Structures are given as C-alpha cells and as structure tokens.
Protein chains: 2
Amino acid sequence: MGYEFDEDTRVESEGAGLWRAHVTSSWDAPVGPPNGGYLLAAVARAMGGELDRPDPVSITAHFLAPAPHGPARVEVEPLRVGGRHASAVATLRSGETEVLRAMGVFTDLSRANGPTLLLENPPELPAPEDGVSTDAEGGEDIRGRFEFRMRGRDTAWVRGEPTGVGEWRSWARFADGRPMDTLGLLVTVDAFAPAVFDLDLPIRWVPTLELTAHVRRRPAPGWVRCRVRTRFVTDGYFEEDVEIWDADDHLVAMSRQLALAPRVDP
Amino acid sequence: MGYEFDEDTRVESEGAGLWRAHVTSSWDAPVGPPNGGYLLAAVARAMGGELDRPDPVSITAHFLAPAPHGPARVEVEPLRVGGRHASAVATLRSGETEVLRAMGVFTDLSRANGPTLLLENPPELPAPEDGVSTDAEGGEDIRGRFEFRMRGRDTAWVRGEPTGVGEWRSWARFADGRPMDTLGLLVTVDAFAPAVFDLDLPIRWVPTLELTAHVRRRPAPGWVRCRVRTRFVTDGYFEEDVEIWDADDHLVAMSRQLALAPRVDP
C-alpha cells in the first residue's frame, strides 16, 4: 500500500467480529484529538471487511470520547446481511475507553444499477491552480494529509472577517497522491474547518453530536470538489452539510453533522 | 393522554433498559407495513425515558425487517450520559424479529441556550385553508392520522403528472388535534409520499436504507410547514431531505433518508 491513509486506517481481523486498529497522530485536528472522520474511516474499513462489502453507502457515528493515540480495537456486529446490502454496528475502543459507536450499511458500489438524475450542478469554483492553498506541507496534523484549493473569500474568516454566508468551496485531494475512494471520502467530509466560522457569531469550539455520511459512487481519479455549508443555527445547534463531487461532475458523497455552538457540556 | 399518537407509541419500563411497546396498525403505510417514523417515535420514547431526557436532537434508524402488529419490546443501551446530552442505542424487537436499530442523542430542549441564526426562510405555500387536502378522515392507515394541506402542484404525480422538481410543500398537523412535539416530529418527517415520485423516473418501491432526524426546537402550537425534497438520484440511490418549520417561523426539524430506487434487494 504505502499511502498514509491506508497505513493509518489499517485493520486486521482477529476473528469473531474483532479487528485490531492503530490510531496515529497524523490525522489530529490542528489543536485537538484525532479527526472524527479519520477514526470513522478506520472503523468503516473493519465493518466493510466483516461484511465483505467495501463501500459504506450510509454510515453514522456518535463520538463518545477523544481517541488516544495507539492501539485500538473495533468490534463489529452484523445486523442484516441481504443480497446486495449488509448493515452493522461497530464500536471503537482504546483500552477501556469507548471512542465512538457507528452504524452503517455497506455494498459493492461497482454493481449499483438504477437511474441517475442530478437536479443541481457541482459548485462553481476557480480552477485548482487559481485557488488558495491552505496546505501545510509535511505538517504533522491532518492539514499535512490533504491539499486544498479554496476560493479566496473562504479564508477570510482566518483574518477575523467572516462573510456571513456560511459556506466554503474547495478542491481537495490527498497530499501523497493517494487516489480518492469511498473510505477516503469519510475523512474528507470531516476535514474542513467548520463553515459556521464563516458566520458572524461568537463561536469557538463546536463539538459534533453526530455525523452521517452517504457515499453515492466511487470517485473518478483526480481532485474532488467540496461544498461545506451551515444554514441554520438554532439555540446553539447547527447542521454542517458537505457535498463532494468528482472530476466527472458526479456527486460522490453527502454528509451532515449536528454540532453545538458555543461551548456547552455535550 | 387520549391522543392516538400517544396511545400508539406508549412504552412501559420493565427495568434494566427493557421497555414494552405495542405496534398498532393505525400508522401503516397505505399499502404496507407500519411507518418507519412511527416505529422510530416509539423507540425514541423508550430511549428518552431510559436517559431521562425527552427530546431526540439526533436520531438515526436502520430498518431491518417489516414490523408485525402487536406486542414488541425495546432494548436501550446508554452510551454516554453527560451533563446536558445523553446518547444511546436501541433495538426494537417483535418476537425473534429485529425490526430496527436506532442510535440517538437526547436532551431537554427547553434548557437549550446558544445563538440562533436562520439563513433561509420557511417555505412559501398557500394558507392552510387554500391548500389541497389529502386527508383520509377516519382512515385506517397513517393517512387518517394527519391533516395535510399541500400545494396543488404537489398532488399532480398522483395523476401521473410529476413536475420534475422533486419537492413537496405542505402544512401538517395531527388529525385528532394532538399538539405537535419533538416525538411527533419523528413520524411527521416520514409521513409523506416520497418526493422522488415528483421526478419523471420509472420508480415504484423505494426502501429506506437509513433515516436520520435532527430535532432543533420544541414546536410552537399550530400547523407545521414541511418541505420534502430529492435533488440527487445516483445509480438508484437518492436522498430525501425534510425540513419542518413551526407557526413561529422557526426551523424545528431536519431529516435525511437514504433510499433506493428502483426495486433491488436491499
């Protein structure tokens, strides 16, 4: 394999629904614990292995505790195994700490058949070479794992100038050249700064209560385009919606998180 | 209590995370098994009871088998119980059949505090008295439990004339006058015909793979306004997004389902 993402989400079966994993520090939030989407990707790899279906068409995670770095284990319980789809719940544990609980349904998307109709177009944004790079080349946290090319306005919040629109648009790919795939999409949907920071609200820390990602199709080679949006902040609760499109103009993933702002004890 | 919804989602604790429930036929799909949102509401009532927090801010369900009518039981496993929020997983069983598995996080929304900012307005639609009634007064399935007042164009699909927009807009309330609340929203988000039927696609049966509902606020008294949308059908997979607004123009719920079209073995 050799790519960072594959090494860092590697899992090994120990039989009977048990999988060994290893949480590295390479996907840590800039100031914080390992990224939730990274952890979910490792868990999904174990679930897909247990169910013998590689693609998570829908997966939901509840994050229960920050993940310590180091050895971890995934316990997978199959729920329903049908002809094409199979579902399972899974637990990620590190020592005695339960880090997250996930529930998902998996399939082999290369065998999907059915109608396609896209009523909206991919987000418009400048060509990657004209976008603003937010890379941290060789960086030791998650920012070093991706290349992003954003619209210029989407970086104004860093200077304390949110636009009030609540939306980012960016190209993304793995920094080490790894092709995007359906497991990679799970970390990509969670790799952006919260779009709520583009709103003029007194918000700093935004714990995620729940994340659900739908993977619609195996992405074509090349950059993916991402749109990250928050439309409704209600009494401190807000959604973060992400849509990801591939180089063939196909929607490949949608996700929604429910998060809290400002800091309250979740 | 006396209201249909409360009677039909009643649960009784048997201790140690076990709850008795009873699946009635009053919330059956027009031609089909009990409605998924109805089942989820009963499960959420047990989860909220076990966690001593009434409001499901996020709840996800995977539907595993059609629910038989009659006695059922809910097994609730708390995951994380914090100061304000508490999460759990739950199983609905009828005899030896596992009907659904749910995961959710609950709170007391009357104590929510934090900023509010709504970047989009409630959907525009004619006043309830000018809407098209799709009631089946006293009907024996779920259509008899609600009053809907839809835009006229949103009923054209029934005559074989889909608009191609993929969106319904409707007022809704319980037919027996029961006030809407956060558990009632869970059946309301699943009470509509699939908006994918408004697209010109050869689709008949649309099994749900997963449903996640976010409840944002306790609804004000009166009608709620609902927007039901499908934007992306990809190789037979599609999302159905529902937003519900209360009489005070506040967003009170958002939901998303991942469903399949046309019929394939899920």
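Residues numbered from 1 in each chain as written. Chains lettered and ligands numbered in written order. Predicted model: local features only at pLDDT ≥ 70, side-chain atom pairs only at ≥ 80, totals over all residues. Heavy atoms only, no water.

Caption draft 1: Region of interest: the pattern of salt bridges. Summed over all chains, the structure comprises 62 salt bridges over all chains. With its nearest N and O atoms 3.4 Å apart, the salt bridge here joins A:Glu12 to A:Arg20. Exposure remark for A:Arg20: the relative accessible area of 45% places this residue in the partly exposed category. B:Glu239 is paired through a salt bridge with A:Arg216; the nearest N and O atoms lie 2.7 Å apart. With B:Glu239 in strand β14 (residues 237-245) and A:Arg216 in the loop between β11 (208-215) and β12 (224-229), this residue pair bridges two chains. The exposure classification of B:Glu239 matches that of A:Arg216, with both residues buried. (Salt bridge = Lys/Arg side-chain N within 4 Å of Asp/Glu carboxyl O. Buried < 20%, exposed > 50% of the residue type's maximum accessible area, 1.4 Å probe, protein only. Helix = DSSP H or I, 4+ residues; strand = E, 2+ residues; numbered from the N terminus.)

Caption draft 2: Region of the structure containing unusual backbone geometry. Residue and element names in this part refer to chain A. At Ala-16, a position not held by glycine, the phi torsion is positive, near 55°. Inspection of the secondary structure assignment puts Ala-16 in the loop between β1 (12-15) and β2 (18-23). Taking relative accessible area as the criterion, Ala-16 reaches 82% and is therefore assigned exposed.

Caption draft 3: Up close: the environment of B:Val224. All names here are of chain B. Take Val-224: it is sitting in strand β12 (residues 224-229). Residue classification places Val-224 among the buried residues on the basis of a relative accessible area of 0%. C-alpha of Val-224 to C-alpha of Ile-244: the two residues are 20 residues apart in sequence and 6.5 Å apart in space. Not counting residues within four places of it along the chain, the set of residues in contact with Val-224 comprises Ser-170, Trp-171, Ala-172, Met-180, Ile-244, Trp-245 and Asp-246. (Contact = heavy atoms within 4.5 Å.)

Caption draft 4: Summary view of the pairing of strand β11 (residues 208-215) of chain B. Residues and elements named next belong to chain B. Of all 8 residues that make up β11, 7 are buried, and the element is covered over most of its length. Direction of pairing for strand β3 (residues 55-63) relative to β11: antiparallel, over a ladder of 4 bridges. The residue bridging Ser-58 from the neighbouring strand is His-214, located in β11. (Pairing = 2+ DSSP bridges.)

Caption draft 5: Looking closely at the relation of the copies chain B and chain A. Least-squares fitting of chain B to chain A yields an RMSD of 0.0 Å, with the superposition described by an axial translation of 0.0 Å and a rotation of 180°. Here the symmetry operator amounts to a two-fold rotation axis. A shared interface surface links the copies, since 100% of the contact residues of chain B are contact residues in chain A too. (Least-squares fit on C-alpha atoms with pLDDT ≥ 70 in both.)

Caption draft 6: Representation of helix α2 (residues 36-51) of chain A. Residues and elements named next belong to chain A. Helix length check: α2 (16 residues) gives 22 Å between terminal C-alpha atoms against 22 Å at 1.5 Å per residue, within 8%. Most of α2 is tucked away: 13 of the 16 residues are buried. A side-chain oxygen of the first residue of α2 lies 2.8 Å from the backbone nitrogen of Gly-37; this N-cap is Asn-35. Just downstream of α2 lies Asp-52, where phi reads positive at about 55°. (Expected span 1.5 Å × (residues − 1). Polar contact = N/O pair within 3.5 Å; in protein donor to acceptor, adjacent residues only side chain to side chain.)

Caption draft 7: Quick look at the environment of A:Val89. Secondary-structure assignment places A:Val89 in strand β5 (residues 86-94). With 49 residues separating them in the primary sequence, A:Val89 and A:Leu40 have C-alpha atoms 12 Å apart. Setting aside residues no more than four positions away along its own chain, A:Val89 makes contact with A:Met47, A:Glu75, A:Val76, A:Glu77, A:Leu79, A:Ala102, A:Met103 and B:Arg101.

Caption draft 8: The arrangement of the environment of B:Glu243 in detail. One can find B:Glu243 in strand β14. For B:Glu243, a relative accessible area of 6% corresponds to the buried category. B:Glu243 sits 26 residues away from B:Arg217 along the chain, and the two C-alpha atoms are 12 Å apart. Setting aside chain neighbours within four positions, we find B:Glu243 in contact with A:Arg231, A:Phe232, B:Arg225, B:Cys226, B:Arg227, B:Arg229, B:Leu251, B:Ala253 and B:Met254. A distance of 3.0 Å separates the side chain of B:Glu243 from the side chain of A:Arg231, its partner in a polar contact.

Caption draft 9: A look at the packing of aromatic side chains. What the rule picks out here adds up to 22 aromatic pairs over all chains. On the numbers, 6.1 Å between centres and 85° between planes, the contact of A:Trp27 with A:Phe146 is edge-to-face. Placement of A:Trp27 in the loop between β2 and α2 and of A:Phe146 in strand β9 (residues 146-150) is noted, with a sequence separation of 119 residues between them. When sorted by exposure, A:Trp27 lands in the same class as A:Phe146, which is buried. Summarising the aromatic geometry, the rings of A:Phe232 and B:Trp245 are spaced 5.4 Å apart at their centres and angled 80° between planes, so their arrangement reads as edge-to-face. Within this pair, whereas A:Phe232 is found in strand β13 (residues 232-234), its partner B:Trp245 is found in strand β14, the two belonging to separate chains. Each member of the pair, A:Phe232 as well as B:Trp245, carries the same accessibility label: buried. Through a chain of ring-to-ring contacts, three or more aromatic side chains come together here, namely A:Phe5, A:Trp27, A:Tyr38, A:Phe146, A:Phe148, A:Phe174 and A:Phe192. (Phe/Tyr/Trp six-rings, centres within 6.5 Å; stacked < 30°, edge-to-face > 60°.)

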